[in-house]
Amino acid sequence: MSTQSANKPKADILVIDDTPENLALLSQMLTEKGYKVRSVTKGSTGIRGAKAALPDLILLDVKMPQMNGYEVCEQLKADERTRNIPIIFISALGDVGDKVKAFQAGGVDYITKPFQVEEVLARVDTHLIIQRLQNQLQQQNTVLQQEIKERAAAEEKFAKAFRSCPSPIAIATLADGHFVDVNRSFLMMSGYTQEEIIGRPMAEIYSESAMATFTEVVQQSQQKGFVRNQEFQFSTKLGAIKIVLLSLELIELGGTPCSLSILNDITERKRLENEFISLVSHELRTPMTSMMGALDLLSSGQLGTLTDQGKQVLDIATKNTERLIRLVNDILDLERMKSGKITMKKVRCNMAQLLIQAVETMKPMAEQARVNLKLEPCSVELEVDPDRIIQTFTNLLSNAIKFSEPGKTVWLKSVLNSKHLQITVEDRGRGIPADKLQVIFERFQQVDTSDSRQKGGTGLGLAICRHIVEQHDGRIWVESEFGRGSTFYITLPLSDEAKGEALVI
Ligand code: ADP
């Protein structure tokens with residue numbers, strides 16, 4: 001206890017003893033040790049003094065006239081302000097009963113007279129230390145209680161926001177993809193109850209293709225930290241298809257890595273959009289067909305001979321009208337497919353023949369673009385709609401040719417495994433940036449807004465391809481290195497008979 005600064009006393013000690021010699025002795029030895037000492041000879045004066053200025057410790061004689069030490073102690077303990085001051089009894093009474101009484105009254109220690117100076121000092125020191133530690137503990141406890149309160153308030157705030165958020169939210173474990181928590185909006189949108197969702201694997205709620213999209217979104221989040229507004233489809237408990245924009249963030253919940261998905265239901269918006277587009281397209285088709293007829297008539301020369309400049313202008317008008325007709329036809333085609341007005345007419349087909357046919361169809365375009373077409377077909381029989389499957393292959397080939405420089409090669413390959421036939425269309429063209437790999441399968445999504453004008457596309461081809469492939473229970477996706485080329489993948493499931501019958505030619 002020698003660390004005190006020179007002018008600041010170690011502690012304030014109140015000594016209450018009716019024997020002046022004892023008082024003098026205690027006072028002297030404590031003062032010598034650097035304590036500030038107040039001494040009084042009467043219990044009532046001691047209580048007043050303690051209340052007026054709280055001492056750090058009290059040395060209290062037991063036997064005193066008028067009010068004995070036990071009574072003084074009890075009164076001090078009864079007062080909120082003085083309750084925590086440690087009191088050490090000093091008395092000539094030495095039997096066990098007296099000591100017990102002293103502790104019952106609230107004393108922390110008991111010293112028997114005649115006392116040893118070192119003993120008194122040692123006990124005073126010890127109790128001051130204990131008192132200081134107790135105070136520290138209490139302070140820490142208060143801080144901790146405050147922190148707990150703030151944390152509980154923050155959690156409550158989060159829980160409230162989570163529960164009452166109008167957007168559906170789902171939390172699932174990253175490792176095994178089980179739902180941990182979902183909010184009310186999620187339950188309302190999906191049609192499931194809390195019990196049917198919590199603890200269940202996501203794969204039982206989301207379809208295979210939804211799970212594939214979800215897994216890709218998680219992978220992207222692992223690279224970027226989050227993903228915003230990725231279009232995502234899933235079917236409700238009653239089978240209704242919901243189109244949502246999925247935003248995903250990776251979080252830790254109680255030490256477990258989880259995905260936090262926030263969904264924005266755009267099903268209705270999409271429906272209105274579709275309705276509008278198909279309405280406009282229907283209205284456009286008739287006048288455009290008649291426009292095309294008129295242009296054909298003009299170019300046939302039946303209405304008179306055009307100048308060279310006139311022919312050029314007519315040519316531009318014809319090309320643009322053709323593009324518009326293609327666009328309207330594609331829109332209507334997609335709309336009819338989506339609404340189920342066009343169904344797939346599936347028949348048993350040799351896939352090698354369909355691949356050959358697709359290449360034959362695209363040969364003129366490839367030749368004109370001076371792009372080599374290579375085919376690696378694979379002979380297997382599948383139940384498919386041949387026209388629609390050829391349409392898919394030609395669309396992918398047409399894109400691959402369109403986005404390749406002259407002299408490059410485009411490959412149409414097929415590989416068989418035990419479950420699928422995988423078809424790939426590979427090019428060494430301009431490639432697709434990573435953030436567009438998913439969106440290009442949506443309607444009107446093009447990497448470059450000038451693609452439709454410069455390359456004559458409609459931005460609908462891949463949306464149609466995806467629809468056709470999904471109607472065959474297959475999957476379509478693309479991998480690409482920007483600037484180095486792209487590979488489009490299609491997997492089509494094998495029929496039971498086809499499995500194992502595969503023959504590569
Ligand atoms: P489009 O009629 O515009 O070709 P698609 O839906 O077929 O419409 O393709 C959408 C967009 O995807 C294209 O406009 C282009 O930006 C990009 N794309 C498709 N295939 C390729 C490819 N092989 N290489 C580079 N970009 C491609």
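Keep in mind it's a predicted model, so treat the numbers as computed, not measured.

**Q** Would you explain helix α4 (residues 96–105) in this entry?
**A** Helical geometry: 3.6 residues make up each α-helical turn, so side chains three or four residues apart lie on a common side. When α4 is considered as a whole, its buried residues turn out to be D98, A102 and A105. Taken down its axis, α4 places every buried residue within 65° of arc, on the same side. With respect to the buried face of α4, the exposed residues turned more than 90 degrees away are V96 and Q104. For α4, the secondary structure elements touched by its buried residues are α3 (69–78), β4 (87–91) and β5 (109–112). G106 lies just past α4 and shows a positive phi near 120°.

**Q** What is the right way to look at the packing of aromatic side chains in this model?
**A** The description of two aromatic rings rests on the distance between their centres and on the angle between their planes. This structure, assessed with the given rule, holds 12 aromatic pairs. Judged by centre distance (5.7 Å) and plane angle (55°), the rings of Y70 and F89 are tilted. Of this pair, Y70 sits in helix α3 while F89 sits in strand β4, placing them 19 residues apart in sequence. Across this residue pair, the class does not change: Y70 and F89 are buried. Between F441 and F488 the ring centres are 6.1 Å apart and the planes differ by 65°, which places this aromatic pair in the edge-to-face class.

**Q** It is not clear to me how the domain arrangement of the protein chain should be interpreted in this structure. Could you clarify?
**A** Interface size is commonly expressed as the accessible surface area that is lost when the partners come together. Domain parsing of the protein chain yields domain 1 (3–138), domain 2 (165–264), domain 3 (269–339) and domain 4 (347–504). Relative to domain 3, the C-alpha centre of domain 2 lies at a distance of 42 Å.

**Q** Help me understand the confidence of the model for the protein chain in this model?
**A** In low-pLDDT regions, the fine details of the predicted coordinates are not to be read closely. The pLDDT averaged across the protein chain works out to 90; a share of 95% of its residues lies at or above 70. Contacts of residues 1–5 to residues separated by more than four positions or lying in other chains number five contacts, the stretch itself having pLDDT below 50.

**Q** Mind showing me how you'd approach unusual backbone geometry here?
**A** With an omega dihedral of -5°, the bond running from K113 to P114 counts as a cis peptide bond. A positive phi angle is found at N229, which is not glycine, with a value near 50°. Within the secondary structure, N229 sits in strand β8 (residues 226–235). For N229, a relative accessible area of 48% corresponds to the partly exposed category.

**Q** Looking at this model, I keep getting lost on the side chain of H467. Mind explaining?
**A** Mapping H467 onto the fold places it in helix α14 (residues 461–471). Accessibility expressed as a relative area gives 12% for H467, which makes it buried. Once you skip the residues sitting within four places of it in the chain, H467 turns out to touch L334, M337 and K338.

Criteria and cut-off values
- Within each chain, residue numbers correspond to sequence positions counted from 1 in written order.
- Thresholds applied to this predicted model are a pLDDT of at least 70 for local features of residues and 80 or more for the giving and counting of side-chain atom pairs; totals over whole chains, interfaces and linings are not thresholded and use all residues.
- Remark: hydrogens and water are excluded; side-chain values derive from all non-hydrogen atoms of the structure.
- Relative accessibility thresholds used throughout: buried, under 20% of the residue-type maximum; exposed, over 50%; partly exposed, between the two (1.4 Å probe, protein chains only).
- Secondary structure elements are taken from DSSP: a helix is a run of H or I of four residues or more, a strand is a run of E of two residues or more, and numbering for both begins at the N terminus.
- In this description, one arc is meant: the one made by directions from the helix axis to the C-beta atoms.
- Working rule for contacts: check all heavy atoms of both residues, and any pair within 4.5 Å makes them a contact.
- Two aromatic rings, drawn from Phe, Tyr or Trp (for Trp, its six-membered ring), form a pair once their centres lie within 6.5 Å of each other, and the interplanar angle then sorts them: stacked below 30 degrees, edge-to-face above 60, tilted otherwise.
- Residue ranges for the domains trace back to a domain assignment, done automatically or taken from a database.
- A score from 0 to 100, pLDDT tells how confident the predictor is in each residue.

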